[in-house]
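Examination of the molecular architecture
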Amino acid sequence: MKKIKKYIQNNKIAITMLIILFVVITIICYGEKIRYIYTNEIKSVSYAFCEIINKYEEINVCKDLSNFNYTYDTFSIMNNVLSTKFFNYFLMTIPMLMIYISLKEVQKEINSQTYKYELNRMSYQKYIGKIIKKAYKYIFLIPIIFIYIIIWSYSISGHFDSTLAVQSGFENYKYLCDNNIIFIITYIISITFCIAYCINIGLIIMKKSNNIIITVISSTIIYYFIHIVNEFILIPYVWGKFVSEKILFYFDFLDPYSINGIDSLLLNILKFLIPYFISLVILVLSYKNKEKNIIEFEKTEK
């Protein structure tokens, strides 16, 4: 019991955030379920009406009754949930939230003299590894949220038949539905890499900061600055000269959450894996020089 209380106390921010998100997502998904049921009931009534009408004359709305036989698939429901106003704002705040939650304890440790005692007990390399591991502690927080959304979406739809989605113009949904299990796995992995990428940026900035708020704001600004440069300069003027427009889609690594346009699981996971590894290499190199970093740590002491 004491261990549970201690765990809750040490992770109260993450747990509170998780509970709030679960509650909000449950409300949103339940609303989507009501809308889904209502839409299907309207379709059933329309189908019955059209069957009667077609016995006497054909009208445009009843020419193709096959559309009434299909309902939206799991990923279409998921897309509807992610298109709500709440998620439009929440997805933009994820980098800031995750950097804060992941680095709060680490920043506190660096700003105090705790690291000096730790370095007396272990090598510098092991200590840096410990810091990175501690920062990664909450890396699965956001993926868990999206697994919950997928479960809700499947409970509403109950299938992966993309016929109606394709008819509505979402042609790539056939590819996603045909490879549903693999897509879900790679989708969650992509989100995880993106979160790790954010944390890496925060860890790089943190050693020059003595305040978690400054670290979070600076890291978030750099995160979005990188993507602005990539989106408005590199993609149109550099990458666009070497690859097709279809492949160019996978050079935008800002949003791992949208599923529209994905037609290659390999390219989709690579577009988040590569930035992660680049940031990891920069992170490791930035902490390589022990003497220099100890001096940086001492400057941030409170």
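The structure we're discussing is the one just above.
Side note on the packing of helix 10 (residues 180-206) against helix 13 (residues 265-286)
Running from amino to carboxyl end, helix 10 crosses helix 13 at an angle of 25 degrees, the nearest separation of the two axes being 9 Å. One finds that helix 10 runs roughly parallel with respect to helix 13. At the point where helix 10 passes helix 13, the crossing takes the left-handed sense. Of the residues in helix 13, those in contact with Ile182, Phe183, Thr186, Ile189, Ser190, Phe193, Cys194, Ala196, Tyr197, Asn200, Leu203 and Ile204 of helix 10 are Leu265, Asn268, Ile269, Phe272, Leu273, Pro275, Tyr276, Ser279, Leu280, Ile282, Leu283 and Ser286. Classifying every residue of the contact of helix 10 with helix 13 by side-chain character gives 18 nonpolar, six polar and no charged.

A few points about the packing of helix 3 (residues 74-82) against helix 7 (residues 141-157)
Here helix 3 crosses helix 7 at 125 degrees, and the two axes come no closer than 8 Å. Here helix 3 lies oblique to helix 7, going by the angle between them. Along this stretch, helix 3 crosses helix 7, giving a crossing that reads as right-handed. Across the interface between the two elements, Thr74, Ile77, Met78, Val81 and Leu82 of helix 3 pack against Phe146, Ile149, Ile150, Ser153, Tyr154, Ile156 and Ser157 of helix 7. Counted by class, the contact of helix 3 with helix 7 contains nine nonpolar, three polar and no charged residues.

What to know about the packing of aromatic side chains
Counted according to the given criterion, the structure contains 18 aromatic pairs. With a centroid separation of 5.5 Å and 35 degrees between ring planes, the pair formed by phenylalanine 183 and tyrosine 187 is classed as tilted. Taken together, the residues phenylalanine 183 and tyrosine 187, both in helix 10 and four residues apart, mark about one turn of the helix. Between tyrosine 197 and phenylalanine 253 the ring centres are 6.0 Å apart and the planes differ by 85 degrees, which places this aromatic pair in the edge-to-face class. A residue pair is termed long-range when its members are at least 10 positions apart, and tyrosine 197 in helix 10 and phenylalanine 253 in the loop between helix 12 (245-248) and helix 13 qualify at 56 residues. Of the two residues, tyrosine 197 and phenylalanine 253, neither departs from the other in class, the shared state being buried. Every member of this aromatic cluster is reached through a ring pair, and the members are Phe75, Phe146, Tyr154, Phe160, Phe183, Tyr187 and Tyr257.

Rules used in this analysis
Residues numbered from 1 in each chain as written. Predicted model: local features only at pLDDT ≥ 70, side-chain atom pairs only at ≥ 80, totals over all residues. Heavy atoms only, no water. Axes fitted to C-alpha atoms, helices over the stretch in contact; angles between N-to-C directions. Helix = DSSP H or I, 4+ residues; strand = E, 2+ residues; numbered from the N terminus. Parallel < 35°, antiparallel > 145°, perpendicular 65-115°, else oblique. Left-handed = near helix turned anticlockwise from the far one by under 90°. Contact = heavy atoms within 4.5 Å. Nonpolar A, V, L, I, M, F, W, Y, C, P; charged D, E, K, R; others polar. Phe/Tyr/Trp six-rings, centres within 6.5 Å; stacked < 30°, edge-to-face > 60°. Buried < 20%, exposed > 50% of the residue type's maximum accessible area, 1.4 Å probe, protein only.

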